[in-house]
Amino acid sequence: MDRSWIHEPNRLSEKFLKGLYNFILFAKASARDGRFACPCQKCVNMQRFSPGVVSSHILENGFSPGYTDWIFHRDPTSQTSDSSYSHQNDDGLREVDAQEQHGVQQFLEDMAVGYDEIENSRSRVENDSSTIDDGTQPTEAYEYAKRFHDLLEESDEELFSGCRKHSKLSFILELYNKKCMYGWSDKSFEDLLTTMRETLPEGEKLPESSYEVRKLIDALGLDYQTIDACPNDCMLFWKEHIDEPRCLHCNAYRYKEETESSSTSKRNKIRKGVKVLRWFPLIPRLQRLFMCKKTASLMRWHFDERRDDGYLRHPADARAWKDFDSRYADFAKEPRNVRLGLATDGFNPFRSLSSTHSSWPVVVTAYNLPPWLCMKQSSLFLCLLIPGPKSPGAKIDIYLEPFIEELIHLWEKGVDTYDAHAKTTFKLHASLLWTINDFPAYSMLSGWRTKKGYGCPCCGFNTWSKWLTHGNKYCFLGHRRFLSYDHSWRRNKKCFDGTEELRGPPVRMTGSCIRDLWDSNGSTRDLNGTNINITEGCNKKSIFFRLPYWEYNRVRHNLDVMHIEKNVCDNILDTLLSVRGKTKDNLKARFDMQEMGIRRTLHPFKLPTGKYEAAPALFEMSSTEKKQMLRVLKHVKVPDGYSSNISRCVDVKHKKISGLKSHDCHVLLHDLLPVAVRGCLKDRVARALIDLSAYFRELSSKVLKVSRLEEMEVEIGEILARMEMIFPPSFFTIMVHLVVHLVEEAKWNGPVQYRWMYPIERYLMTLKAHVGNKAYPEASIAQWYIANEAITFCSRYFEGVRTRFNKPARNSDDMDLLRTEDSPVNTTSGHPIGKVENIILDPTSWVQAHRYVLYNSKEVLPYIEEHKDEIKRKLSSRNRRNNASRLIEIEKVHHSTFVDWFKGRVARLEEMHDPRFTAELKGLARGPNYGVRQFKGYITKGVRYHANCREEERKTQNSGVVVATKTSSLEVGVH
């Protein structure tokens, strides 16, 4: 079958549509329950849909260019000796083609083959495998292989006598998959098992309890290790210190008060650590990504399928990735080597029951994966779970030691890994690109003192800061340094801090510079030329500098756009609304301005009563203006699913906004604030805030252009300098200052969607939801994670079962219609929602519906041109207007007369027995029925649309569909 159409650039061409039609017919042979794998560039055969949805995806996203064998769709040409197995390996395991394997059995065989190949590779490299130290002991791979061989033998065990659809193992796994997807409790799951045992025929082999099910699931997954830690976070009791009873630094006892088990003698005492670190080794988890046929090819996406056209869509497009490849060419030669990102944040596992407990998960993601997968929860690995009840602070490095040793091993030696896609064994290496964290965690991981005068880690010791005596905090000004050297604002003393600014922008401190200063305990000079020691800016040398490549990474720790947006939005709203206790413009701020000798008109003055007052600032609004702005936010309607109900946070009566979440601030800052401030603030203030909103909106784009980012670097310097002339110095906290560095990090590391905390915060929320035992919150999370990780990985192989990988979206538009060259009308995927009503179309609506169908049917296109030619001939003799006016008139006449003309034309064709006459043309000429069904909503292309009557009592608006008219005249409008 011809496959050249796959690479056709025009997806609406006859060649592409014909090839797509033939592919859909061919692929229906592999359909199960009417669905088959979708090979579009977004799904890459990871999800199954109906033919209509698959065709819609391919038309929208394109066909995956590397998928030419069609092995997921039973293409006979792909069943060659190179891609199939019919022999037995050394361990007696029969290897077969992927098409012969289904569901759980294929998963078990993939894992067994992978671990066998790893063990065989080690044996081939060196006879004495006990001398090899590559992170996974030789016996460990053998034990995993043996475990999966045993499970494979048990996988054919019947659920009950005569059951053909499910084996005992497949039934339990699919049932547990539903438990994880829908959040069933262990108790409800046990009750369900009891009911099933009573319902199924005698001799059923269901487990007795959820504990037995958990043991089976754990056998499919990977283990974790517990390591005792010093109660004061001084050291870990592992490796050579594993048997130490006390901390070697503070002499604290590692165990809790010893208790005796009721079932043992006094000699067997239970000893539990006061603090227990849970370590989930990363190496075996990365190996499984390659041993799995479903994910092995995806780990090469950044090399095989990524478009390299100068735009930034993925971290692989950015300069940091490319510079790393240039410096470490040997590492870059193997596209399967993994690039990692690390994220961490503290959370309270007890929700509102305790405000002090803080657990710290450390999460890792692999950037080799495609953009639509690498930040999903199914692609995040929990590597460490640092226990509470207190935050580890700067001592977090103690808990990171096992993970750092893994990274060093992966970089220097690598590990043998089996690639199920290439069916070869290779040496896997990995590197850590950067960390993702909020600003407090930034300080913990990097060691930079973010709460001091040198609080900006990007400016380093060149940070411009000033201590505000009355405000009792630092402010961060000096944004004129980011302007061009000939900018007039650089010499403007009056509108800024009373000085000229002749210095250039600060240079980011490199990792090598920080390492050298620490190694020599050296000193450097700050912005004012003062000699300072490294310890004034850093409180430690980060453990990440143990990684050989870390010092050469340009941006090692990312600034979190999510939290920066939240803080900037709160600053703006609290200041504009003069919220007591939160506004940045108060008497203390005015006294600080007086002390600095700037903006004399705003200095406070003393009243006869002894109190102080100050003149209103440029940005201050009257009570009426505040209410006007808040009413806009209170009554604004956004599309369904766009944001939460922000109106619940708006209090018009008391003129304040409270309870905003991070995403609420994201929506406000990007879209709603520019609308709300128009007409309420002076133009000068409104323009600065609107430009700041546009900056954040463009920075958060999924696709970035380097040349545009360079322009934005200039623009944000001007925006912040303009804001310095409007707002008081106390407004410019460290979070406001950090805005100026976000563009530089986007240039180096790529779009912010891969580096902000939104996916991490959602993941932490998931972990928090699975704290079952309040006495041991971290243990509960660890047990749930192991089971969930196993079932998530296994569910990739489930067929005909709803999993987290194929469950339909809320606005799913599943439809079995397919647009092909034989379709008389352009069809669109989607389905109606709401109550059905039967109505009769009025004449105008009937004509509009008829005309829409005709204009969008390719069978009618020749007659459209014929009708226009007739009109041109009739108007040519009497129309003396210019060409533009003539085209407009032709379009108007055609639009108003075509329906009747087409009816007559088809009738004449039928009378003359013209071969061009078809039943389809006759049906099109006759038009639609007057009686139609009417719905209150429609879902198409993942978007939900509502009728006006459905939205009257809603906070969202999904009506108002706009369709651009397609005419040949200059008069182009919308409907």
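Anything mentioned here points back to the structure above.
Residues numbered from 1 in each chain as written. Predicted model: local features only at pLDDT ≥ 70, side-chain atom pairs only at ≥ 80, totals over all residues. Heavy atoms only, no water.

1. Description of the overall build of the protein chain
The secondary structure content of the protein chain amounts to 29 helices and 29 strands. Across the 975 residues of the protein chain, 52% fall into the buried class. Contacts in the protein chain between residues at least 24 apart in sequence constitute 65% of all its contacts with a sequence separation of at least 6. Of the roughly 46500 Å² of accessible surface on the protein chain, 49% is carried by carbon and sulfur atoms. (Helix = DSSP H or I, 4+ residues; strand = E, 2+ residues; numbered from the N terminus. Buried < 20%, exposed > 50% of the residue type's maximum accessible area, 1.4 Å probe, protein only. Contact = heavy atoms within 4.5 Å. Areas by Shrake-Rupley, 256 points an atom, 1.4 Å probe, with all protein chains shown as cover.)

2. Let's talk about the nonpolar core
One finds Leu286, Leu340, Phe544, Tyr695 and Met723 to be the most contacted residues of the largest nonpolar core, which totals 217 residues. Those residues in contact with Tyr695 that lie beyond four places of it in its chain are Met712, Ile716, Ile719, Val739, Leu742 and Val743. Counting residues in hydrophobic clusters, the runner-up holds 19 residues, among them Phe16, Cys40, Cys43 and Val54. (Core = buried A, V, L, I, M, F, W, Y, C linked by side-chain atoms within 4.5 Å.)

3. Side note on the pairing of strand 7 (residues 275–279)
Counting buried positions over the 5 residues of strand 7 gives 5, a clear majority of the element. Direction of pairing for strand 3 (residues 225–229) relative to strand 7: antiparallel, over a ladder of 5 bridges. Bridge assignment links Ile227 to a residue of strand 7, and that residue is Leu277. Bridge count between strand 7 and strand 11 (residues 380–386): 2 bridges; the pairing is antiparallel. (Pairing = 2+ DSSP bridges.)

4. Here's the deal with the pattern of salt bridges
One pass over the structure, following the stated rule, counts 43 salt bridges. Glu501 is the partner of Arg503 in a salt bridge, and the nearest nitrogen-oxygen pair spans 2.8 Å. A salt bridge links Glu866 to Arg905; the nearest nitrogen and oxygen atoms lie 2.8 Å apart. One end of the pair, Glu866, is in helix 27 (residues 861–876); the other, Arg905, is in helix 28 (residues 883–911), and 39 residues separate them in sequence. Judged by relative accessible area, Glu866 falls into the partly exposed class, the value being 23%. You can call Arg905 buried: its relative accessible area is 11%. One network of salt bridges, in which partners are shared, links Arg508, Arg554, Glu744, Glu745 and Arg755. (Salt bridge = Lys/Arg side-chain N within 4 Å of Asp/Glu carboxyl O.)

5. Some details on the sheet that holds strand 19 (residues 557–558)
Read from one edge of the open sheet, 8 strands run 4-3-7-11-10-9-14-19, paired in mixed fashion. The open sheet has two edge strands with one neighbour each: strand 4 (236–237) and strand 19. Sitting on the sheet, helix 25 (residues 777–795) is in contact with strand 7 and strand 11, with an inclination near 160° to strand 11. (Axes fitted to C-alpha atoms, helices over the stretch in contact; angles between N-to-C directions.)

6. Quick notes on the packing of aromatic side chains
In this structure the tally under the stated criterion is 41 aromatic pairs. Lying over the aromatic face of Tyr144, Arg288 brings its terminal NZ or CZ to 5.9 Å of the ring centre. Over the face of the ring belonging to Phe426 we find Arg336, whose NZ or CZ atom lies 3.9 Å from the ring centre. (Phe/Tyr/Trp six-rings, centres within 6.5 Å; stacked < 30°, edge-to-face > 60°. Lys NZ or Arg CZ within 6 Å of the ring centre and 35° of its normal.)

7. Quick notes on helix 14 (residues 439–446)
Of all 8 residues in helix 14, 7 are buried, a share of seventy percent or more. Close packing links the buried residues of helix 14 with strand 9 (338–344), strand 10 (360–366), helix 13 (396–412), strand 14 (430–436), strand 19 and helix 22 (734–737). Taking the backbone nitrogen of Ala441 as reference, a side-chain oxygen 3.0 Å away marks Asp438 as the first, capping residue of helix 14. Following helix 14 by one or two positions, Gly447 has its phi on the positive side, about 90°. (Polar contact = N/O pair within 3.5 Å; in protein donor to acceptor, adjacent residues only side chain to side chain.)

8. Considering the pairing of strand 29 (residues 943–946)
Going residue by residue along strand 29, you find Arg944 and His946 tucked away on one face and Val943 and Tyr945 left uncovered on the opposite face. Pairing geometry for strand 28 (residues 937–940) and strand 29, over 4 bridges, is antiparallel. Of the residues in strand 29, the one forming a bridge with Thr940 is Val943. The hairpin formed by strand 28 and strand 29 contains 2 residues between the paired strands, and Lys941 there has a positive phi angle of roughly 55°.

9. Quick look at the environment of Glu536
Turning to its location among the elements, Glu536 is positioned in the loop between strand 18 (531–533) and strand 19. The class of Glu536 is partly exposed, set by a relative accessible area of 39%. Between the C-alpha atoms of Glu536 and Arg449, which are 87 residues apart in sequence, the distance is 7.8 Å. Look past the residues within four positions of Glu536 in its chain and what remains in contact with it is Arg449, Tyr454 and Phe461.

10. Some remarks on helix 5 (residues 168–182)
Under the 1.5 Å per step criterion, the end-to-end length of helix 5 is 22 Å for 15 residues, consistent within 8% with the ideal 21 Å. Within helix 5, 12 of the 15 residues are buried, which leaves it mostly tucked inside the rest of the structure. Those residues of helix 5 lying buried are Leu169, Ser170, Phe171, Ile172, Leu173, Glu174, Leu175, Tyr176, Asn177, Lys179, Cys180 and Met181. Positive phi appears at Gly183, one or two residues downstream of helix 5, with a value of about 70°. (Expected span 1.5 Å × (residues − 1).)

11. Examining the packing of helix 28 against helix 29 (residues 919–926)
Orientation of helix 28 relative to helix 29, taken along the N-to-C sense of each, is 150°, at an axis distance of 9 Å. Accordingly, the angle class assigned to the pair helix 28 and helix 29 is roughly antiparallel. Relative to helix 29, the crossing made by helix 28 is left-handed. Contact residues: Phe902, Lys903, Val906 and Glu910 in helix 28; Leu921, Lys922, Leu924, Ala925 and Arg926 in helix 29. Classifying every residue of the contact of helix 28 with helix 29 by side-chain character gives 5 nonpolar, no polar and 4 charged. (Parallel < 35°, antiparallel > 145°, perpendicular 65-115°, else oblique. Left-handed = near helix turned anticlockwise from the far one by under 90°. Nonpolar A, V, L, I, M, F, W, Y, C, P; charged D, E, K, R; others polar.)

12. Digging into the packing of helix 5 against helix 7 (residues 210–220)
Running from N to C, helix 5 and helix 7 cross one another at 95°; their axes reach a closest spacing of 11 Å. One finds that helix 5 runs roughly perpendicular with respect to helix 7. In this structure, helix 5 contributes Leu169, Ile172, Leu173 and Tyr176 to the contact, and helix 7 contributes Val213, Arg214, Leu216, Ile217 and Leu220. Here the contact of helix 5 with helix 7 is built from residues that sort into 8 nonpolar, no polar and 1 charged.

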